[in-house]
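Here is what each chain is made of, one letter per residue.
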Amino acid sequence: MIDGPLHEATTSQLATAIGERHVSARDATAACLTRIADVNPRINAVVQLADGAIESAELADAELAAGRTVGPLHGVPFTIKDSYDTAGVRTTAGTVGWRERVPATDATVVARLRAAGAVLIGKTNTPEFTWSNETTNRLFGATSNPYDLGRSPGGSSGGSAAIVAAGGSPFDVGSDTADSIRLPSHYCGVAGIKPTQGRVSRSGHWPSFHGIVGSWTQLGPIARSVADLDLVLRLIAGPDGRDPHVQPIALGDPAAVDLTGLRVALVTDNGVETPTPETIAAVREAGLALTDAGASVEERRPEGVAELSEIWWTVAQADGHAWLRRLIERAGTPIDDSYPWLTETTEIAASELTRLLERIDELRGLMTAYLGTTDVIVSPAAPRPAFPHGEGSGDEYGDSYCEPYNLTGWPAGVVRGGTAPGGLPIGVQAAAGPWREDRVLATLAVIEAASGGWQRPAI
């Protein structure tokens, strides 16, 4: 049964209700489109609606009436970040040169969701080629946080997190090179997971899997419940014969994770950025919930986390952002003085780059050794809740809690664990060793149950 407004139902609830014909796919899709029409003028999260969504939902209902089910998401509506190619639906990646670009084929993630029966209803805002802590670009402008319109939902999956939090879509799929699934999930009070490097194909996503920075990027779901993350991740994971990094490694079952004795390291302060008292309290409350569930919880932080965060930015711009310049120029977008991070960035010597890459691997080795005593690391997602528009480039933004797991390639996820004064969400992050998304999701589920998870914004 679905209690409350249809547009607030979770992905799992909709999949069950539609499959059992308690709710029609048409009604579910129409409810989301109506909600988008209501909230989007205020938050600017959806930048393109998909033509024919209602007709696709009606076709899903007809197939069910005839006894045919396409897949686990049969008739479930969804949105997706505008950095993913969508066949027949405009894809801009937030860059001016692609203003009218309509791909002929889907990104692998989109194709798999459609094959599972999901109905695409729209594209969500992203900074240009995902490269910003705030979700804004020259095509569509800025996205606002549904809990406070004067604040940002973060970047780069800010449009994804904002519309899911506002009830306009049951789930979206974001991308994360430093924090771009986890911080928007934190700022908007929803659940999100960055899976293990090599878990999900980046074919048809911009930027793709090419180069150093591409290797840090992982694609993963954003939703209003942890169970939905597991459902969607299973559908999009696995090799596609195009992304050479993706491995055929089975996903574990979060329900099979034995929480009794699970070794949890609680990090309330990473030594780089001290969180707000409310953020520290939310992390400690998460630790208490895990203790009550039988886990062994100890407050300590792994060696090397602070240095990994520092190295991330140095390597990301090591070539003077030439990798990003190539993307923008190939899209036909003019580069002018509005791109200071392109025109004012200095390249480092190749010898310094190779030294840094060696140091990254040394630190990854230290972090791997840390797994000998730890199963899950629980920490803030960021040191503070959502920031006002225009402050995403400040020193206090808070990437240092997320960036290390892009360099290690480990899975890490976020769920709402508390509330700041004024009602802003506070997310708690859980990370585990490679291929252990099951531990991440099991941990997040305990935190979600204790905190209540997603809460309806006033918008």
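Details of the structure are given in the entry above.
Values in this document were obtained by computation on a predicted structure and should not be read as measured data. (Residues numbered from 1 in each chain as written. Predicted model: local features only at pLDDT ≥ 70, side-chain atom pairs only at ≥ 80, totals over all residues. Heavy atoms only, no water.)

(A) Up close: the overall build of the chain. Within the chain, the secondary structure is distributed over 15 helices and 13 strands. Relative to its length of 459 residues, the chain is compact, with a C-alpha radius of gyration of 21 Å against a globular reference of 23 Å. Taken along its principal axes, the extent of the C-alpha atoms in the chain is 60 × 55 × 45 Å. Residues counted as buried form 61% of the 459 residues belonging to the chain. Taking contacts inside the chain between residues at least 6 apart in sequence as the whole, the part at least 24 apart equals 76%. Carbon together with sulfur atoms contributes 51% to the accessible area of the chain, which is approximately 16400 Å² in total. (Helix = DSSP H or I, 4+ residues; strand = E, 2+ residues; numbered from the N terminus. Rg over C-alpha atoms; globule rule 2.2 N^0.38 Å. Buried < 20%, exposed > 50% of the residue type's maximum accessible area, 1.4 Å probe, protein only. Contact = heavy atoms within 4.5 Å. Areas by Shrake-Rupley, 256 points an atom, 1.4 Å probe, with all protein chains shown as cover.)

(B) Structural context of the sheet that holds strand β3 (residues 119-124). A sheet is described by the order of its strands in space; here three strands give the open sequence β1-β3-β2, paired in mixed fashion. On the outer flanks of this sheet lie β1 (46-49) and β2 (77-81), each paired with one strand and no other. Strand after strand, the sheet turns through a mean of 35 degrees between neighbouring axes, direction not considered. Its contacts with the sheet place helix α5 (residues 158-165) against β1, β2 and β3, and it is angled at close to 125 degrees to β3. (Pairing = 2+ DSSP bridges. Axes fitted to C-alpha atoms, helices over the stretch in contact; angles between N-to-C directions.)

(C) Highlighting the state of the cysteines. For the coordinates displayed, the defined rule picks out zero disulfides. The closest cysteine sulfur to the non-disulfide-bonded cysteine 32 is located on cysteine 188, 17 Å from its own sulfur. The class for cysteine 32 is buried, based on a relative accessible area of 1%. (Disulfide = S-S within 2.5 Å.)

(D) Region of the structure containing the sheet that holds strand β13 (residues 425-432). A sheet is described by the order of its strands in space; here eight strands give the open sequence β6-β8-β7-β12-β13-β11-β9-β10, paired in mixed fashion. Both outer strands of the open sheet, β6 (171-176) and β10 (296-299), are each paired with one neighbouring strand and no more. Within this sheet the neighbouring strands show an average axis-to-axis angle of 25 degrees, counted without direction. Bridge count between strand β9 (residues 263-266) and strand β11 (residues 376-380): three bridges; the pairing is parallel. Of the residues in β11, the one forming a bridge with valine 264 is valine 376. Where helix α15 (residues 437-451) meets the sheet, it contacts β7 (191-194), β11, β12 (412-419) and β13, and its direction lies at approximately 10 degrees from that of β12.

(E) Helix α10 (residues 305-316), seen in detail. Between the first and last C-alpha of α10 there are 17 Å, a value that for 12 residues agrees with the 16 Å anticipated at 1.5 Å per step. Of the positions making up α10, those classed as buried are Val305, Leu308, Ser309, Ile311, Trp312, Val315 and Ala316. Of the surrounding secondary structure, the elements contacted by the buried residues of α10 are α7 (211-216), α11 (322-330), α13 (350-370) and α14 (403-408). (Expected span 1.5 Å × (residues − 1).)

(F) Spatial organisation of empty space enclosed by the protein. Enumeration over the complete set of coordinates arrives at one cavity of 30 Å³ or more. The computed volume of the largest cavity comes to approximately 70 Å³. Lining the largest cavity are Val267, Asn270, Arg301, Pro302, Val305, Ile377, Ser379, Ser400, Tyr401, Pro404 and Tyr405. Residue assignment for the lining of the largest cavity shows that the elements contributing at least two residues are β11 and α14. Tallied by class, residues from the lining of the largest cavity come to seven nonpolar, three polar and one charged. (1 Å grid on protein atoms, 1.4 Å probe; cavity = no way out; pocket = protein on both sides within 12 Å on 5 of 7 lines; lining within 4 Å. Points joined across faces, edges and corners; volume = space filled by probe spheres on them. Nonpolar A, V, L, I, M, F, W, Y, C, P; charged D, E, K, R; others polar.)

(G) Seen up close, unusual backbone geometry. Glycine 155 connects to serine 156 through a cis peptide bond whose omega is 5 degrees. Backbone geometry places phenylalanine 129, a non-glycine residue, at a positive phi of 50 degrees. Tracing the backbone shows phenylalanine 129 in the loop between β3 and β4 (136-137). In this structure, tryptophan 435 takes a positive phi of about 70 degrees despite not being glycine. Assignment of secondary structure puts tryptophan 435 in the loop between β13 and α15.

(H) Here's a closer look at the pairing of β12. The buried count for β12 comes to seven of eight residues, which makes it a mostly enclosed element. Alignment of β7 against β12, held across three bridges, turns out to be antiparallel. Across the sheet, the residue bridging to isoleucine 193 is glycine 413, located in β12. In this sheet, β13 lies alongside β12 in antiparallel orientation, the contact comprising seven bridges. The partner of valine 414 across the bridge, within β13, is glutamine 429. Following β12, the chain reverses through five residues before pairing antiparallel with β13; glycine 422 in that reversal takes a positive phi of roughly 95 degrees.

(I) A look at the layout of surface pockets. Approximately 490 Å³ is the volume attributed to the second largest pocket. When residues of the lining of the second largest pocket are traced back to their parent elements, those giving at least two are α7, α10 and α11. For the lining of the second largest pocket, the residue count by class is 12 nonpolar, eight polar and four charged.

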